[in-house]
Amino acid sequence: MTPMTLMQASALSRRSVVFAGLSAAGGLVIGVPMPAKAGIQPAILAAGANPTKEMTAFLVIEPDNSVTIRIPHAEMGQGTSTALAMMVAEELECDWSKVRIEYASANRNARAGGKLYEGMRTVGSRGVRTSVKLMQQAGASARERLRVAAAQGWNVDAADCTVASGKCLHSASNRSVEYGALAAAAAAVQLPQEPGIRAPRDYRLVGKWTPRLDTAVKLDGSAKFGIDAQVPGMVYAAVWSTPVAGGSLKAVDESGLKALPGLLGVVKLKDSVVVVADKYWRAKKGLDALKIQWDAAGQGGVQQADLDKGLRDALDGPMFTAEKKGEPEAAFAAPGAKLVEATYEAPFLSHSPMEPLNCTVQLAPDRVDVWISTQAPMAVLETAAKETGVAPENIYVHNAFVGGGFGRRGGAPDELLHAIAAAKAVGRPVKLIWTREQDIRGGRHRPQAAVRFKAALDAAGQPSVFQARVAVPSLLKPGPQTSVASEPMAVECIAGSFYAFPSRDIGVLLKNSHVPVSFWRGVGSSQNGFFVESFIDEMAHAADQDPLAFRRTLLAARPDALGVLDALATKGDWGKPLPKGRGRGLAIIEAYGSVSGQVVEVTVAKDGKLSVDRVTCALDCYHVANPNTVAQQMEGAVIMGLTAALWGEITIKDGAPVQTNFHNYRMARFADAPPRIDVHLTPSGGEVWGGVGEPGLGPLAPALANAIFAATGKRVRRLPLSHADLSWA
Amino acid sequence: MITLTVNGRRHDVEVEADAPLLWVLRDELGLTGTKFGCGIAQCGACTVHVDSKPVRSCVVPAGSVKGAITTIEGLSTDLKHPVQQAWLAEDAPQCGYCQSGQIMAAAALLTKTPNPSDADIDREITNICRCGAYPRMKKAIHRAAALARKA
């Protein structure tokens, strides 16, 4: 091949990637090439689209022995696609270097009544832990069919055949055959019953540090994210939604658009304006040229201080009892009881994934295609069906690599509604991209929250009672109402705490405002972790005990948590003396089925300048699929937690978020990252797998605040830390 | 009509001179490896090279570019650039969305400062990674510097 034809071939294959999404069963291919020593393999193009060649709905084995594994969860950086492929390969006994991955088809799942690939929703750190058995079974069932097919071909007893590294073997006759040659026959094999799956102690691949399958395509620009979708004839759209959530569009002055080239339409929705043009930058320019009047629905006078006060005042009002145990009143009244009390606050936060929300749609009378980066393809499919009237089995969702989700892409797909409206209006396929300003201003934020704690210590310095009063917006029931009710997310890490408090009294008020909220990485544990673990530190100091020893006593019945504490003590140099102005802080939470702890080491200069010198993480998630990606999740959670703790806040002014882009919604950069982040995994086994994506976030803020207290004697009870004066003398 | 030289090839593009380079690369030339993140030169997801220097293409009018543009697609043909090799060895990316910009920023830094210190990296690379892959990327930059010295 001459260089020119190579280039043409490459260009052709890129086009094919784009068009593959239009094929029968749908789904853009995600990632593929192994970082093979020789270089990159070409991207695979099928996308759950070739049922005639597949062995099962979960895998395709090609004649060249390559194995394509279909992943029912979104890959948004958390490494789930590699981990789930490892689960299949563990049982399949294939050659791991020939494993490729692609998304399972949401359309096919819908046609199978949502049962084939289960919910396909990648939220709650559930990607691996809820699909372990599904994926292992997929691998085991395929392996057995291959083995039986080999035996039938040789006319021998299947019991005498074994499998290893992508081959079936019959040792008695010294024969072997590769999976690639067996796949077609194996697809037709009927088993009397499906085989069992391996116990974790028998794993050979799972649990080993394994390079991600999606790394290489993310290094040369070839990985396709939702925003990269290309559909023939498509045009572009930009959107601006009401700055005051719940408000509506009053009037649009379009006179500024007269000279705009390529303008195709201005679409007015109840709470948004969409400008459609032949080029994205023209659509964006048009958006900027509009003069829009909004109706703030009576919320235009709401200020952040009002919302803060509303939550604080609610702490004195009626609450729903989420947990009551022992005799709290008696414990508080006991003679000699030493009371510890404190109130904590945390702000709204924006998710702001690096890939702004975007969606491309192509509408036909009897078929809808949607290209989108989503954590919830079935929700996208159902929403598209509802919005267009096209039957769910004729909706094709082409999920792509997700450029960060953190919960923002797990719920209501706002961007889908905008794109469908635009495509209907102009009668062409439309790619709609949110600006960063629309992302932050139109966010569905991490709930703002306030909590008041009260505890009593007995004569030995042990807590006899733990009381919390929580005021937080509801994640499950949107709307402006206040409910004397609870929901699990509101009291994560607070109700049902793993600490052995003999008496407990946990009250909750779900106090909403007009500001929309949604699940944000770590959900309740992201703010409640800060509250509880800061307060535990306060209790330990009030009891004049070392914060780690204090927790050890309270967690004596939890060997998993003790394992995490031991790792933190040893690896985090706990107890090693530091000079004034330097300090270590500790935090440990139970969240998403795992126990996660961190030790943060800081230096605070006399003028209050803070530097985070080191973070040591320990995690017991009971079983580890891929230590590589689990470590990545811990490292990343530390950085994201640091961004939130140091600067993160959405502030409401005149009903709308003040922050608009990264110049005023600050993100940690290289210079802000701790010079050292160490991760120690302490999986203690058992029946149940723990989550990984979210548990790393909650401990960072409290461990940091506790370290600041150790360094300066200053207690931070309100986030972000940028409001606190940390200077000391 | 403007003329751009991208990854060694000359392109005549029918767009207005103030069209942002980012969108011309992505939507007119099909080079979607360069990403949109903020539109105001804050995040660096759109970083490309103009004459080996990093620029944030979301705020650069395409018509103003006179030099040779290199995008992530043109950094190497086979992942052999030391930065790509180092990124692979450290398994640096998570979601991957900012990685084209990070890699281009790192490659430009190594051109200017072949053996950067941590402080050099902190000062010179201000690209945002929401997944927080900084620890691995920093290791990868040092590894890339070592690889480039050996080469």
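About the cut-offs
- Residues numbered from 1 in each chain as written.
- Chains lettered and ligands numbered in written order.
- Predicted model: local features only at pLDDT ≥ 70, side-chain atom pairs only at ≥ 80, totals over all residues.
- Heavy atoms only, no water.
- Helix = DSSP H or I, 4+ residues; strand = E, 2+ residues; numbered from the N terminus.
- Rg over C-alpha atoms; globule rule 2.2 N^0.38 Å.
- Buried < 20%, exposed > 50% of the residue type's maximum accessible area, 1.4 Å probe, protein only.
- Contact = heavy atoms within 4.5 Å.
- Areas by Shrake-Rupley, 256 points an atom, 1.4 Å probe, with all protein chains shown as cover.
- Lys, Arg positive; Asp, Glu negative; His and termini not counted.
- Charge placed at Lys NZ, Arg CZ, Asp CG, Glu CD.
- Pairing = 2+ DSSP bridges.
- Axes fitted to C-alpha atoms, helices over the stretch in contact; angles between N-to-C directions.
- Domains from an automatic or database assignment.
- Buried area = accessible area lost by both parts, 1.4 Å probe.
- Salt bridge = Lys/Arg side-chain N within 4 Å of Asp/Glu carboxyl O.
- Polar contact = N/O pair within 3.5 Å; in protein donor to acceptor, adjacent residues only side chain to side chain.
- Nonpolar A, V, L, I, M, F, W, Y, C, P; charged D, E, K, R; others polar.
- Expected span 1.5 Å × (residues − 1).
- Core = buried A, V, L, I, M, F, W, Y, C linked by side-chain atoms within 4.5 Å.
- Disulfide = S-S within 2.5 Å.

Draft legend 1. Spotlight on the overall build of chain A. When helices and strands are counted, chain A shows 16 helices and 27 strands. The C-alpha radius of gyration computed for chain A amounts to 28 Å, which stays within 12% of the reference 27 Å derived for 729 residues, consistent with globular compactness. Counting only C-alpha atoms and orienting by the principal axes, one finds that chain A spans roughly 85 × 80 × 45 Å. Taking all 729 residues of chain A together, the buried fraction comes to 62%. Residue pairs in contact within chain A that sit at least 24 positions apart in sequence constitute 76% of those at least 6 positions apart. By element, 54% of the accessible surface of chain A is carried by carbon and sulfur atoms, the whole surface being about 25900 Å². Here chain A carries 77 positive and 69 negative side-chain charges, and the mean point of each set is 4 Å from the other.

Draft legend 2. Looking closely at the sheet that holds strand 14 (residues 358-364) of chain A. Residue and element names in this part refer to chain A. With mixed pairing, the 7 strands of this open sheet are ordered in space as 9-10-7-17-14-15-16. Of all strands in the sheet, those bounded by a partner on one side alone are strand 9 (263-268) and strand 16 (395-399). Taken over all neighbouring pairs, the strand axes of this sheet differ in orientation by 20 degrees on average, direction set aside. Inspection of the sheet shows strand 7 (residues 235-241) paired to strand 10 (residues 272-277) by 6 bridges, in the antiparallel sense. Counted as the bridge partner of S241 is S272 from strand 10. Sheet contacts for helix 9 (residues 377-388): strand 14, strand 15 (367-372) and strand 16; angle to strand 16, the most-contacted strand, approximately 140 degrees.

Draft legend 3. Summary view of the domain arrangement of chain A. All names here are of chain A. Each domain of chain A was delimited in the assignment, giving domain 1 (3-218), domain 2 (226-297 + 357-433) and domain 3 (304-348 + 445-723). A straight line from the C-alpha centre of domain 1 to that of domain 3 covers 40 Å. Contacts between the two partners involve 22 residues from domain 1 and, on the opposite side, 19 residues from domain 3. Summing both sides of the interface, domain 1 and domain 3 together bury roughly 1400 Å²; the carbon and sulfur share of this comes to 60%. Summed over the three residues of domain 1 that lose the most area to domain 3, namely S125, R129 and W209, the buried surface amounts to 38% of that side. Linking domain 1 with domain 3 are 0 salt bridges. Here domain 1 and domain 3 share 8 residue pairs in polar contact (both at pLDDT 80 or more) between them. Ranked by residue count, the leading element in the side of domain 1 that touches domain 3 is helix 2 (residues 80-92), at 4 residues. By residue class, the composition of the side of domain 1 that touches domain 3 is 11 nonpolar, 8 polar and 3 charged.

Draft legend 4. A look at the interface of chain B and chain A. With 55 residues of chain B at the contact, the number on the chain A side is 68 residues. Between chain B and chain A, roughly 4900 Å² of surface is buried when both sides are summed, and carbon and sulfur atoms account for 59% of that area. Ionic pairing is found between E635(A) and R136(B), a salt bridge with its closest N-O pair at 3.0 Å. Seen at the junction of chain B and chain A, the total is 29 residue pairs in polar contact (both at pLDDT 80 or more).

Draft legend 5. Structural detail: helix 15 (residues 627-646) of chain A. Taking 1.5 Å per residue, 20 residues should reach 28 Å; helix 15 of chain A reaches 28 Å between its end C-alpha atoms and fits that length. Burial of helix 15 of chain A is extensive: 20 of the 20 residues sit out of reach of the surface.

Draft legend 6. Up close: the domain arrangement of chain B. Residue and element names in this part refer to chain B. Here the domain parsing of chain B yields domain 1 (2-75) and domain 2 (82-150). Here the C-alpha centre of domain 2 lies 21 Å away from the C-alpha centre of domain 1. Counting each side, the surface lost to burial between domain 1 and domain 2 is near 1200 Å², with a carbon and sulfur contribution of 62%. The interface formed by domain 1 and domain 2 holds 0 salt bridges in total. Applying the counting rule to domain 1 against domain 2 returns 8 residue pairs in polar contact (both at pLDDT 80 or more). Secondary structure elements with two or more residues in the side of domain 1 that touches domain 2: strand 3 (47-50), strand 4 (53-56) and helix 2 (72-75).

Draft legend 7. Looking closely at the pairing of strand 24 (residues 610-620) of chain A. All names here are of chain A. The buried fraction of strand 24 is high, at 9 of 11 residues. One ladder, built from 10 bridges, connects strand 23 (residues 594-604) with strand 24; its direction is antiparallel. Residue pairing in the sheet places V595 in a bridge with D620 of strand 24. Counting the residues between successive antiparallel strands, the hairpin from strand 23 to strand 24 contains 5 residues, one of them, G608, with a positive phi of roughly 95 degrees. The sheet contact formed by strand 24 and strand 27 (residues 676-681) spans 6 bridges and is parallel. Residue pairing for strand 27: L619 is matched across the bridge by L681.

Draft legend 8. Representation of the nonpolar core within the structure. Counting 193 residues, the largest nonpolar core has F453(A), L704(A) and W87(B) as the members making the most contacts within it. For this core, the element with the most residues is helix 15 of chain A, which contributes 10 residues. Every residue in contact with L704(A), bar those within four places of it in the chain, is listed here: V600(A), V602(A), L610(A), V612(A), L642(A), A645(A), L646(A) and L721(A). Among the nonpolar cores identified, the runner-up in size contains 81 residues, and I69(A), L146(A), A149(A) and A384(A) belong to it.

Draft legend 9. Main features of the state of the cysteines. Taken as a whole and judged by the stated rule, the model has 0 disulfides over all chains. The thiol of C161(A) is unpaired, and the distance to the nearest cysteine sulfur, on C168(A), comes to 7.0 Å. Between C38(B), a cysteine without a disulfide, and C43(B), which holds the nearest cysteine sulfur, the sulfur-to-sulfur distance is 3.9 Å.

Draft legend 10. Focus on the side chain of R136(B). Among the secondary structure elements, R136(B) is positioned in helix 6 (residues 134-150). R136(B) gets classed as buried once you look at its relative accessible area, which sits at 5%. Discounting residues that sit within four places of it in the chain, R136(B) has contacts with W209(A), N628(A), A631(A), Q632(A), E635(A), E90(B), D91(B) and A92(B).

Draft legend 11. Inspection of the pattern of salt bridges at higher detail. The final tally for this structure, using the stated rule, is 53 salt bridges over all chains. Across the salt bridge formed by D725(A) and K714(A), the nearest N and O atoms sit 3.9 Å from each other. Of this pair, D725(A) sits in the segment after helix 16 (700-712) while K714(A) sits in the segment after helix 16; the two residues are 11 residues apart in sequence, bridging distant segments of the chain. As a salt-bridge pair, E90(B) and R143(B) come within 3.0 Å of each other at their nearest N and O atoms. One end of the pair, E90(B), is in helix 3 (residues 82-90); the other, R143(B), is in helix 6, with 53 residues separating them in the sequence. We classify R143(B) as partly exposed; its relative accessible area is 38%. Each of the salt bridges in this network shares a partner with another, and the network as a whole consists of D573(A), R582(A), R584(A), E601(A), D613(A) and R614(A).

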